[in-house]
Amino acid sequence: MEPFPPSGRVQRGGRVARQERAVRTRKAILGAAGEVFAEHGYAGTTISDVYTRCGVTKGAFYFHFSSKVELAQAVLDEQVSGQIAYLEVPFTGDAVKFQEVVDIGLLVGHRLTFDRMLQGSIRLAVDQGHEIDRRVPYRAWIDVHRSLLAEAEARGELLPGADLDDAAEMIVGAFSGVQLMAEVMSDRKDLEERVAVLYRGLARAVATPEVVAQLDITPDRGKRLMARVVAEADDRARERVGG
């Protein structure tokens, strides 16, 4: 047995540890930024607000981000890179594809009641007067809806003549407006009820009556889906530990 590891192994181990620490720090800064942007918007947020909330030094912050614009864009990009996680709903065995369209809105609506990172990115997406590209998350969400609607159309679930591009943009635009109104009117306390009302109306406008009759568009469905997401994540974590 070697009493000491070769110096090359020590150097590699130290480099990996530093890389992992840098990844954790960057993630912590983004999480803090999401919280602060959610509370104060872009204009009301300062860089010192973020690194103070995060508990890192000014130097550590600037190692990862050179400006507030870069930080805000990274928060939005994080939303887009995690878009599949936010918009991908757990398999529930429902008979109609259009249920997945509904579930996206209900699940994201539920997450918006507690997920500060998501709240911050949404706030940035609707705020005006800054230099970041706010179109990216909207385009990503529209693309996901367009794909699901195409699958639903192929199964005969949509009304004849439905325009998929128009429908996808209508759904995303309507959701954006409803969540913003819920924030203003009730600090999102009734967001899940408002989203359920919205999707009941959208379903009747796009899907066939037979499909609408099979949909679960109850306000608590997002919470039930979230519980399934958490349970599946816990199962995967246990498998990794056991494997």
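The structure displayed is predicted, hence computed values, not measured ones. (Residues numbered from 1 in each chain as written. Predicted model: local features only at pLDDT ≥ 70, side-chain atom pairs only at ≥ 80, totals over all residues. Heavy atoms only, no water.)

Sorry, what's going on with the pattern of salt bridges here?
Two side chains of opposite charge can pair, provided their charged atoms sit close to one another. All told, the structure shown has 16 salt bridges when counted by the stated rule. The shortest N-O distance in the salt bridge between Arg53 and Glu39 comes to 2.8 Å. Of this pair, Arg53 sits in helix 2 (residues 47-54) while Glu39 sits in helix 1 (residues 7-40), and the two are 14 residues apart along the sequence. Note on Arg53: relative accessible area 38%, which makes it partly exposed. Residue class for Glu39 comes out partly exposed when judged on its relative accessible area of 35%. With a closest N to O distance of 2.9 Å, Lys97 and Glu100 form a salt bridge. Judged by relative accessible area, which is 10%, Lys97 ranks as buried. We classify Glu100 as partly exposed; its relative accessible area is 28%. (Salt bridge = Lys/Arg side-chain N within 4 Å of Asp/Glu carboxyl O. Helix = DSSP H or I, 4+ residues; strand = E, 2+ residues; numbered from the N terminus. Buried < 20%, exposed > 50% of the residue type's maximum accessible area, 1.4 Å probe, protein only.)

Would you take a moment to explain the packing of aromatic side chains for this structure?
Each aromatic ring pair is characterised by the separation of its centres together with the angle its planes make. Counted according to the given criterion, the structure contains five aromatic pairs. Summarising the aromatic geometry, the rings of Tyr51 and Phe61 are spaced 6.3 Å apart at their centres and angled 50° between planes, so their arrangement reads as tilted. Residue Tyr51 is found in helix 2, and its partner Phe61 is found in helix 3 (residues 58-64); the two are separated by 10 residues along the sequence. One exposure class covers both Tyr51 and Phe61, and it is buried. Ring centres of Phe61 and Phe65 lie 5.9 Å apart, and the angle between their planes is 45°; on these two criteria the pair is classed as tilted. (Phe/Tyr/Trp six-rings, centres within 6.5 Å; stacked < 30°, edge-to-face > 60°.)

What's the story with the packing of helix 9 (residues 164-186) against helix 10 (residues 191-206) in this structure? I'm lost.
Helix-helix packing is described using two parameters, namely the angle between the two axes and the distance between the axes. Running from amino to carboxyl end, helix 9 crosses helix 10 at an angle of 155°, the nearest separation of the two axes being 10 Å. Of the possible angle classes, the one that applies to helix 9 and helix 10 is roughly antiparallel. By crossing handedness, the relation of helix 9 to helix 10 is classed as right-handed. Contacts between helix 9 and helix 10 involve Ala167, Met170, Ile171, Ala174, Phe175, Val178, Gln179, Met181, Ala182 and Met185 on the former and, on the latter, Leu191, Arg194, Val195, Leu198, Tyr199, Leu202 and Val206. Counted by class, the contact of helix 9 with helix 10 contains 15 nonpolar, one polar and one charged residues. (Axes fitted to C-alpha atoms, helices over the stretch in contact; angles between N-to-C directions. Parallel < 35°, antiparallel > 145°, perpendicular 65-115°, else oblique. Left-handed = near helix turned anticlockwise from the far one by under 90°. Contact = heavy atoms within 4.5 Å. Nonpolar A, V, L, I, M, F, W, Y, C, P; charged D, E, K, R; others polar.)

Can you help me understand the packing of helix 8 (residues 135-154) against helix 9 in this one?
Put simply, helix 8 and helix 9 touch, their axes get as near as 8 Å, and they point 130° apart. Overall, the two elements helix 8 and helix 9 adopt an arrangement that is oblique. Two packed elements cross with a definite hand, and for helix 8 against helix 9 that hand is right-handed. Two secondary-structure elements touch here, helix 8 through Tyr138, Trp141, Ile142, His145, Arg146, Leu149, Ala150 and Glu153 and helix 9 through Leu164, Asp165, Ala167, Ala168, Glu169, Ile171, Val172, Phe175 and Ser176. For the contact of helix 8 with helix 9, the residue count by class is 11 nonpolar, two polar and four charged.

Help me understand the nonpolar core in this model?
Formed by 36 residues in total, the largest nonpolar core has its most connected members in Phe98, Leu149, Phe175, Tyr199 and Leu215. Secondary structure elements with two or more residues in this core: helix 6 (98-111), helix 7 (116-126), helix 8, helix 9 and helix 10. For Leu149, the residues in contact, after removing those within four places along its chain, are Phe98, Val101, Leu158, Leu164, Ala167, Ala168, Ile171 and Val206. In this structure, Ala32, Ala33, Tyr42 and Ala74 belong to the second largest nonpolar core, which totals 23 residues. (Core = buried A, V, L, I, M, F, W, Y, C linked by side-chain atoms within 4.5 Å.)

Just checking my understanding: could you explain the environment of Val36 for this structure?
Looking at the element boundaries, Val36 is found in helix 1. Relative accessible area serves as the criterion here: at 1%, Val36 is assigned to the buried category. For the pair Val36 and Ile47, spaced 11 residues apart in sequence, the C-alpha separation works out to 9.8 Å. Leave out the neighbours within four places in its chain, and Val36 touches Gly41, Thr45, Asp49, Val50 and Arg53.

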